[in-house]
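# Notes for the structure review
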Amino acid sequence: MTSTDPTPSRVLVLNSGSSSVKYQLLDMADSARLAVGLVERIGEETSRLVHTPLTGGDKRELTGPIADHAAALKAVSEELAKDGLGLDSPELAAIGHRVVHGGLKFSAPTVITEEVMAEIERLVPVAPLHNPANITGIRTAQSLRPDLPQVAVFDTAFHTTMPEHAARYAIDVETADAHRIRRYGFHGTSHAYVSRETAKLLGKDPSEVNVIVLHLGNGASASAVRGGVCVDTSMGLTPLEGLVMGTRSGDLDPAVIFHLERVAGMSTDEIDTLLNKKSGLVGLCGDNDMREIRRRIDEGDRRAALAFDIYIHRLKKYIGAYYAVLGKVDAVAFTAGVGENAAPVREAAVLGLEELGLAVDGELNAVRSDAPRLISPEYARVAVAVVPTDEELEIATQAYALVRSGA
Ligand code: AMP
């Protein structure tokens with residue numbers, strides 16, 4: 001690059017799953033999204049790439065076998081090149097990777113070296129579904145642009161500030177430490193972004209406010225954030241703990257697992273599948289999409305109504321718990337697919353909590369918008385907010401800041 005070349009300001013964000021890759025290309029000069037897309041069913045005959053250029057041009061869809069992550073990223077690169085946004089561009093500053101589990105070692109975004117890869121690999125036993133896919137995504141991106149900084153942004157990083165009394169399970173300390181068993185928390189980029197945006201909405205610095213963030217998507221988690229610092233979160237060693245989710249049970253008596261093994265004769269893998277994939281809303285009523293559940297409730301479906309009530313009951317318990325953890329709460333922020341869109345969930349979650357200063361204004365709650373907004377009445381002591389999350393922007397922002405700092 002010569003001194004007349006512009007400073008590279010584009011960041012490609014990759015979120016690699018076991019059979020999918022989600023991607024976004026952003027220009028951090030103005031935080032603009034240039035293209036977004038998704039490759040799914042990698043390794044199957046029916047793979048699909050959906051690419052949406054945001055600089056002009058139509059959404060494109062490609063179907064047909066895509067053998068592996070390397071082929072997927074090559075196909076993505078070709079689609080980007082058609083819009084003049086090829087990954088060989090000198091304008092690309094970094095590739096930011098969402099990495100689910102960073103353990104305790106990574107409390108900040110990190111430029112990926114072989115030592116960093118070894119540590120992500122070492123964490124596979126505590127994130128067997130996620131970290132291997134993240135590793136594959138990183139290796140593929142490295143082979144595509146070996147000259148470029150690859151930055152890992154960890155889902156666990158924001159939660160590494162949790163005090164030990166919140167992070168440690170009450171089990172034998174030696175056993176826990178030998179196997180790195182503790183509460184790590186997930187969705188950290190979302191909790192970090194939303195807690196900061198909530199402070200902005202209140203016209204304050206993050207250090208001045210205490211926020212309960214409710215990230216309610218297909219996966220769901222709550223966090224207690226004091227002055228911009230996470231002090232507790234509902235997910236634990238894995239994303240299974242905490243709230244009722246789309247397909248995960250969240251909290252349950254661990255003895256349920258012994259019971260399923262000893263009395264129901266289920267294997268460890270079967271129980272894992274039951275609790276992660278066939279529980280939560282889908283286990284309770286057969287649907288995990290909140291839109292469908294609300295539609296069924298409106299038609300008088302009692303199973304759907306009970307699933308909704310169980311979901312809300314758990315959510316309310318976490319609001320109460322984190323209120324007590326924080327002592328003083330300035331805002332409760334709803335985010336992600338359910339939190340941003342399902343007004344009945346927001347209304348039910350704070351119903352009856354007026355004594356805690358929490359209330360929702362019916363009219364404000366019914367407004368549909370992509371903007372961060374308050375939905376509490378003026379008299380309420382605690383602000384209730386809807387704050388759309390943007391994990392990709394947060395990953396790109398963190399990755400870009402890191403490479404700009406020359407770290
Ligand atoms: P996420 O994991 O954040 O993408 O959230 C996905 C979930 O959001 C879906 O499973 C739905 O339950 C929920 N969702 C999305 N749109 C709506 C909507 N308009 N109303 C209610 N729930 C919604």
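The name an unreviewed UniProt entry assigns to the protein is Acetate kinase, from the organism Streptomyces melanogenes. Looking at the Catalytic activity (unreviewed entry) heading of the UniProt record, one finds this comment for the protein: "acetate + ATP = acetyl phosphate + ADP".

### Here's the deal with the overall build of the protein
A count of helices and strands for the protein gives 15 helices and 14 strands. Relative to its length of 407 residues, the protein is compact, with a C-alpha radius of gyration of 22 Å against a globular reference of 22 Å. Here the protein holds 407 residues, and the buried ones make up 51% of them. Residue pairs in contact within the protein that sit at least 24 positions apart in sequence constitute 62% of those at least 6 positions apart. A total accessible area of about 18,600 Å² is found for the protein, and carbon and sulfur atoms account for 53% of it. Placing the 41 positive and 55 negative side-chain charges of the protein at their respective mean positions leaves the two points 2 Å apart.

### What to know about the packing of aromatic side chains
A full pass over the atoms with the stated rule returns two aromatic pairs. Seen in terms of ring centroids, Phe-106 and Phe-154 are 4.4 Å apart; in terms of plane orientation they differ by 5°. Their pairing is stacked. Taken as a pair, Phe-106 in the loop between β6 (92-99) and β7 (110-111) and Phe-154 in strand β8 (residues 150-154) lie far apart in primary sequence, 48 residues in all. Take Phe-106 and Phe-154: they sit in the same class, and that class is buried. The interplanar angle of 75° and the centroid separation of 5.6 Å between the aromatic rings of Tyr-318 and Tyr-322 together place this pair among those described as edge-to-face. Pair noted here: Tyr-318 and Tyr-322 are both in helix α11 (residues 302-326), with a separation of four residues, about one helical turn. Assigned by exposure class, Tyr-318 and Tyr-322 land together as buried. One residue, Arg-182, lies across the ring of Tyr-184, its end atom 5.5 Å from the ring centre. For the cation-ring pair, Arg-294 lies above Phe-308, with the distance from its terminal atom to the ring centre recorded as 4.7 Å.

### Notes on the sheet that holds strand β12 (residues 331-335)
If you walk across this open sheet you meet the six strands as β11-β10-β9-β12-β14-β13, and the pairing is mixed. Single-partner strands in this sheet number two, and they are β11 (229-233) and β13 (373-374). Pairing between strand β9 (residues 210-216) and β12: five bridges, direction parallel. When the sheet's bridge partners are listed, His-215 is paired in β12 with Thr-335. Set on the sheet, helix α6 (residues 188-201) makes contact with β9, β10 (220-226), β11, β12, β13 and β14 (383-386); between it and β9 the angle comes to about 130°. Where α11 meets the sheet, it contacts β9, β10 and β11, and its direction lies at approximately 160° from that of β9.

### Comments concerning the side chain of Ser-249
Its location among the elements puts Ser-249 in the loop between β11 and α7 (255-262). Every residue in contact with Ser-249, bar those within four places of it in the chain, is listed here: Leu-240, Leu-243, Val-244, Leu-275, Ser-279, Gly-280 and Arg-314.

### Looking at the pattern of salt bridges
By the definition in use, this model includes 26 salt bridges. Measuring nitrogen to oxygen at the nearest pair gives 3.2 Å for the salt bridge that ties Asp-83 to Arg-60. Here Asp-83, found in the loop between α1 (69-82) and β6, pairs with Arg-60, found in strand β5 (residues 60-63); they are 23 residues apart in sequence, far enough to count as distant. One salt bridge in this structure joins Glu-119 and Lys-105, with 3.9 Å as the shortest N-O distance.

Procedures and definitions
- Residues numbered from 1 in each chain as written.
- Predicted model: local features only at pLDDT ≥ 70, side-chain atom pairs only at ≥ 80, totals over all residues.
- Heavy atoms only, no water.
- UniProt positions renumbered as here; feature names shortened; annotations may be inferred.
- Helix = DSSP H or I, 4+ residues; strand = E, 2+ residues; numbered from the N terminus.
- Rg over C-alpha atoms; globule rule 2.2 N^0.38 Å.
- Buried < 20%, exposed > 50% of the residue type's maximum accessible area, 1.4 Å probe, protein only.
- Contact = heavy atoms within 4.5 Å.
- Areas by Shrake-Rupley, 256 points an atom, 1.4 Å probe, with all protein chains shown as cover.
- Lys, Arg positive; Asp, Glu negative; His and termini not counted.
- Charge placed at Lys NZ, Arg CZ, Asp CG, Glu CD.
- Phe/Tyr/Trp six-rings, centres within 6.5 Å; stacked < 30°, edge-to-face > 60°.
- Lys NZ or Arg CZ within 6 Å of the ring centre and 35° of its normal.
- Pairing = 2+ DSSP bridges.
- Axes fitted to C-alpha atoms, helices over the stretch in contact; angles between N-to-C directions.
- Salt bridge = Lys/Arg side-chain N within 4 Å of Asp/Glu carboxyl O.

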